[in-house]
Amino acid sequence: MAYSALSSLMHTLQQLLQPNQRLVCGSCIPQQHVESTYQSLCALQVFLDEATEEAKDIETLKRLEKRLRDVVYKVEYRVDSRLRNVIVADCGDDRERACKAFNEELQEVEKEVDSLKKEVMQIEFNKRGSKSAELATTSSSSRRYASEQNTVVGMEDDFNAILDRLTAQTHELTVIPVVGMGGIGKTTLARKAYDDSSIRYRFDIHSWVTVSENYNERQVLLDVIISISRDRTDESYETMSINQLAEIVYKGLKGRRFLIIIDDLWSTEVWDQMQRLFPNDNNKSRILLTTRLNYVADYASPDFPPHSMSFLSLDNSWNLFTEMLFKKDLCPPQLQKIGKHIIQQCRGLPLSIVVIAGLLGKMDLTHDNWKKIEENLNSFFGTVSEQCQAILSLSYSYLPQYLKACFLYVGGFPEDMEINVSKLIRLWISEQFIKARSYKRLEVVAEEYLQDLIDRSLILAGKRRANGRMRTCKIHDLLRQLCIIEAHNENVVHAMNANVPMFSEAINDQRRVIVPFDIKEKHVYPTRHSSVITRAGDINYRSRFRQ
């Protein structure tokens, strides 16, 4: 994307401006051309920040970003290629020729970047103030809402129905499916039940496992084992087979009353594999599962109907919206009418409502700002699912430039993964996604970026450390799909799929590639520029240059 592309090229030029830089001989580099190009890039980045805040026409902004991105990507590739030739050249004539070619390239780049700066500066935006995106973000940060709580506004009847089935007097093992479309609140409802003290005390064992579309049987077994025996270390079952792990789970549950949450079940075949783990000892044990698919819910519980989630009424939608945005305060009277029009566009889908609340929570509370959002929403038509995707895309479009690449990068992690925050922050920093601020360490700034994304309901807060700092985070699978689509369009990051060979031509032009743990690295393959190849969840990097 444009902003991260600018940051990357600026980082390269900044290294060349260092007085004691070691990459190339200082006398080889004409400092005035480097400095001039760097200043032009800085101006473009500031302009892009302000354009994001002030633009009324999102399509114009997208065209601007694409124009900047395409030019800067090509320029950076040329600079890096020439610079690489200087670095690898032997002393003597080869090095002199490489330096001359680099200098000539740099002068051409200087002219192109200056021309680009003049071109984009001519674009007219509907000015709405002079604040930069970053200042606008921090000015509204005081209106944080409880995004980490399991808010079940409008779901009280659903919760009571689940509570009745979990506490029913039936002694045999009971499976309780909760079914509904993505974003309707199945996981929120299950989590509320799982954490409820009146339910937890009834069971000896509590375990939460997330299945997802790509079922990882081993990980599911390990999650249950940790719930059964917390003193067992990873090393003790690292070499165990699937059958050995399954036996540990079965024996650990045998004779004990358990509550198992199976979140995001996608297939009957997976249920067939999982149900053998759970003994039926007629001791009131319960399994609560969530799924989007009716036939999976019916298959898992053929004797009892699943609990079907319904869309929120307009009143409940409004209550959820105001609770997320204003906490216990009231919505200002001048915003109530337009606010309800905005919420109508969410069509009772909780995910759409909380994301819209997150978007408006980062704006000044003015009728003009809300009117702009309403006009954008009115232009969308389609099913509830399509409308939801449009709302998520709108929220992404209104992100400050410095947050966009950070957000899209999260989509490269596996679905439903608990992402280690410390590792994520180090990845962001290594990619030059984090903008330095005076008197603040980059890690602190990165944590603020993450909190900003959480406040916008684009990232879900996970576990916390004893000192209150965040240990893990997650992303809703619908938002992850948005990340994957936008990251592909913007060429930010490409997440490898276990079914795609490592040498596939599909990744030939990708700038960054994330490789899942279960893919064996057997091939060396080219990627454009100095694309980082990263194992998901790990911090090992390798740069691949096209020859």
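An account of the accompanying structure is given in this report. (Residues numbered from 1 in each chain as written. Predicted model: local features only at pLDDT ≥ 70, side-chain atom pairs only at ≥ 80, totals over all residues. Heavy atoms only, no water.)

**What to know about the overall build of the protein**
For the record, the criterion: Think of it this way: any DSSP run of H or I at least four residues long counts as a helix, any run of E at least two long counts as a strand, and we number them from the N terminus. Working definition: with a 1.4 Å probe on protein chains only, accessible area under 20% of the residue-type maximum means buried, over 50% means exposed, and in between means partly exposed. It only takes one pair of heavy atoms within 4.5 Å for two residues to be counted as in contact. Note on areas: Shrake-Rupley with a 1.4 Å probe; residue coverage comes only from the protein chains shown.
From N to C terminus, the protein includes 22 helices and twelve strands. Taken across its 547 residues, the protein has 53% of its residues classed as buried. Taking the intrachain contacts of the protein between residues at least 6 apart in sequence as the baseline, contacts between residues at least 24 apart amount to 69%. Summed over all atoms, the accessible surface of the protein reaches about 25,600 Å², with 48% contributed by carbon and sulfur.

**Description of the pattern of salt bridges**
What counts, and what does not: By salt bridge we mean one thing: a side-chain nitrogen of Lys or Arg within 4 Å of a carboxyl oxygen of Asp or Glu.
Applying the stated criterion across every chain, the model contains 21 salt bridges. With its nearest N and O atoms 2.5 Å apart, the salt bridge here joins Lys440 to Glu448. Classification of Glu448 by relative accessible area gives partly exposed; the value is 28%. Arg456 is the partner of Asp452 in a salt bridge, and the nearest nitrogen-oxygen pair spans 2.9 Å. Given the relative accessible area of 3%, Arg456 is considered buried. Three or more residues are tied together by salt bridges with common partners; here these are Lys66, Arg69, Asp70 and Glu490.

**Considering the pairing of strand E3 (residues 258–265)**
Short version of the rule: We treat two strands as partners when DSSP finds at least two bridges between them. With the strands aimed away from the viewer, a crossover counts as right-handed if its path from the first strand over the helix to the second runs clockwise.
Of all eight residues in E3, eight are buried; the element is thus mostly enclosed. With six bridges connecting them, strand E2 (residues 205–210) and E3 associate as parallel partners. Along E3, the bridge assignment pairs Thr210 with Asp263. Where E3 and strand E4 (residues 286–291) come together, five bridges link them in parallel fashion. If you follow Leu259 over to E4, its bridge partner there is Arg286. Note on the crossover from E3 through helix H12 (residues 268–275) to E4: the handedness is right-handed.

**Some details on the sheet that holds strand E5 (residues 307–308)**
For sheets, the rule is that strands pair by backbone hydrogen bonds, running either parallel or antiparallel. Definition in use: Simply put, an axis is a line fit to the C-alpha atoms, just over the touching stretch for a helix, and the angle between two N-to-C directions goes from 0 to 180 degrees.
With parallel pairing, the five strands of this open sheet are ordered in space as E2-E3-E4-E1-E5. Unpaired on one side and paired on the other, E2 and E5 mark the two borders of the sheet. As paired strands, strand E1 (residues 174–179) and E4 are joined by six bridges and run parallel to one another. The residue bridging Thr174 from the neighbouring strand is Arg286, located in E4. Of the strands in this sheet, E1, E3, E4 and E5 are in contact with helix H6 (residues 156–166), which crosses E1 at around 165°.

**Some points on the packing of helix H1 (residues 2–16) against helix H3 (residues 58–88)**
The test is simple: Each angle gets one of four labels, with under 35 degrees taken as roughly parallel, over 145 as roughly antiparallel, 65 to 115 as roughly perpendicular, and the rest as oblique. In this scheme the crossing of two helices becomes right-handed for a clockwise turn of the near helix relative to the far one and left-handed for an anticlockwise turn of less than a right angle. Amino acids are sorted into nonpolar (Ala, Val, Leu, Ile, Met, Phe, Trp, Tyr, Cys and Pro), charged (Asp, Glu, Lys and Arg) and polar (every other residue, Gly among them).
Two elements in contact, H1 and H3, have axes whose closest approach is 8 Å; the angle formed by their N-to-C orientations is 30°. On the basis of the axis angle, H1 is roughly parallel to H3. The two elements H1 and H3 meet at a crossing, and its hand is left-handed. Contact with H1, carried on its side by Ala2, Ala5, Leu6, Ser8, Leu9, Thr12 and Leu16, involves Glu65, Leu68, Arg69, Val72, Tyr73, Val75, Glu76, Val79, Asp80 and Leu83 of H3 and no other residues of that element. For the contact of H1 with H3, a count of residues per class yields eleven nonpolar, two polar and four charged.

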